[in-house]
Amino acid sequence: MHLRILFKMNNSAALVLLISVVFSLISRVQSLDRSRVYMESSCGSGHSFTTSYQMDSSTGLTYLNQLNCSYTATAPSGYFVVAVITRFELEGQLTGSCVDYLDAHDGTDIAAPKLNADPICGSGSSVPGNITSSGEAMTLRFVTDNNGVYLGFSINFVAATNEPCSSSQYNCNTSICIDSSLECDTYNQCGDSSDEENCPETSDSDSLNIVLIVVIVLICVLVIAAVVAFFAHRAYARNQWKKFLHSHIDDDDGIVEPGPSYPITHQYYKGIRGHPIIYTSSFGNTNPSLVTDEKNGADSKDGNKLGIDRGLSDIPSISSIKSTV
């Protein structure tokens, strides 16, 4: 009994350990990606940043209907904000006007002047590549109607200065200066991808580490699934056994009455729930001498065993049954 409890405790501890490992690995994978926010879950808020970060329109495959979100990106003092649009697909114009659109404002709220002459909607060549603020803040407003959704947009916010660039900055071909750490990080932050030109190939060790982490996560998930399936199967089997016992118990005397397809053993004739042991013959006669008397201690372990043995001794043999037939 104690070993069984210890076994269950060890399994629970192992399951908790596996879950902790999976979450730590997922966190490590996420840490490989840079900071990212989502427009629809950040309505009415903003983010102050030092170098660059990415914002997507939605956490899902498509954006939501009936949105009216504003969001402010704030660069350090002395810098301005460059919004590099890397992906953009909104619902196009209907009857000559945009129904889902994005506006950029040159300041900390939507009361500031617009940086785009017309609402930005649709996709393709009508979408500007870069939007640049005059100061350290830019506010975006995203509005959608009540039907029709598309993939949305992805924007890189970059803190930049004008030339000449300092030694800690990278000089883009667009004549702006960005932090040198943004060069060759696989993200377009100059607006023309010049910061990703002439870059060394991605380190094989980095790619291998990412693949290894993903494989470990998948293995841990499979192990957890196997452990859960194991315990679920045990619970199911235990439940089926209880149903079997219930369907073979005589409610009057608490005796397990096996059908003809089950072997006659002590287990099937063992009293349960404190009931006395009674053997009821399959031929319809009941032996009163086998009824145990609690006053005489027949409900004890030895008494039960004795009742069982005596009951089994009265069961007719196969040969006697054949002779009567």
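Values in this document were obtained by computation on a predicted structure and should not be read as measured data.

Chemist: Mind laying out the pairing of strand β13 (residues 176-179), listing which residues take part and the relevant values?
Modeler: Of the pairings in the sheet, the one linking strand β11 (residues 152-162) to β13 comprises 2 bridges and is antiparallel in character. Its bridge partner being in β13, T161 is matched across the sheet by C177. Pairing of strand β12 (residues 169-171) with β13, which is carried by 3 bridges, proceeds in the antiparallel orientation. Residue pairing in the sheet places Q169 in a bridge with D179 of β13. Count of turn residues in the β12/β13 antiparallel hairpin: 4 residues, of which S175 carries a positive phi of about 70 degrees.

Chemist: Hey, could you go over unusual backbone geometry for me, with residue numbers and the actual values?
Modeler: Outside of glycine, negative phi angles account for most residues, and trans bonds account for most peptide bonds. Backbone torsion omega between E163 and P164 reads 5 degrees, so that peptide bond is classified as cis. Inspection of the secondary structure puts P164 in the loop between β11 and β12. Positive phi, close to 55 degrees, is recorded for Q66, a residue that is not glycine. Residue position: Q66 is located in the loop between β3 (52-56) and β4 (68-74). Q66 gets classed as exposed once you look at its relative accessible area, which sits at 63%. Its identity as a non-glycine residue notwithstanding, C184 has a phi of 60 degrees, on the positive side. Residue placement: C184 occurs in the loop between β13 and α2 (204-247).

Chemist: Explain the nonpolar core residue by residue, including any values.
Modeler: L140, F153 and F157 are the most contacted members of the largest nonpolar core, which totals 28 residues. Looking at this core, the elements with two or more residues in it are β3, β4, β5 (80-89), β8 (101-105), β10 (137-143) and β11. Not counting residues up to four positions away in its chain, the partners in contact with L140 are M39, M55, C69, S70, Y71, L102, D103, A104, I155 and F157. Formed by 11 residues, the second largest nonpolar core is a distinct cluster that contains F80, V84, A160 and Y170.

What counts, and where the lines are drawn
- Residues numbered from 1 in each chain as written.
- Predicted model: local features only at pLDDT ≥ 70, side-chain atom pairs only at ≥ 80, totals over all residues.
- Heavy atoms only, no water.
- Pairing = 2+ DSSP bridges.
- Helix = DSSP H or I, 4+ residues; strand = E, 2+ residues; numbered from the N terminus.
- Buried < 20%, exposed > 50% of the residue type's maximum accessible area, 1.4 Å probe, protein only.
- Core = buried A, V, L, I, M, F, W, Y, C linked by side-chain atoms within 4.5 Å.
- Contact = heavy atoms within 4.5 Å.

So yeah, pure geometry; function would need other evidence.
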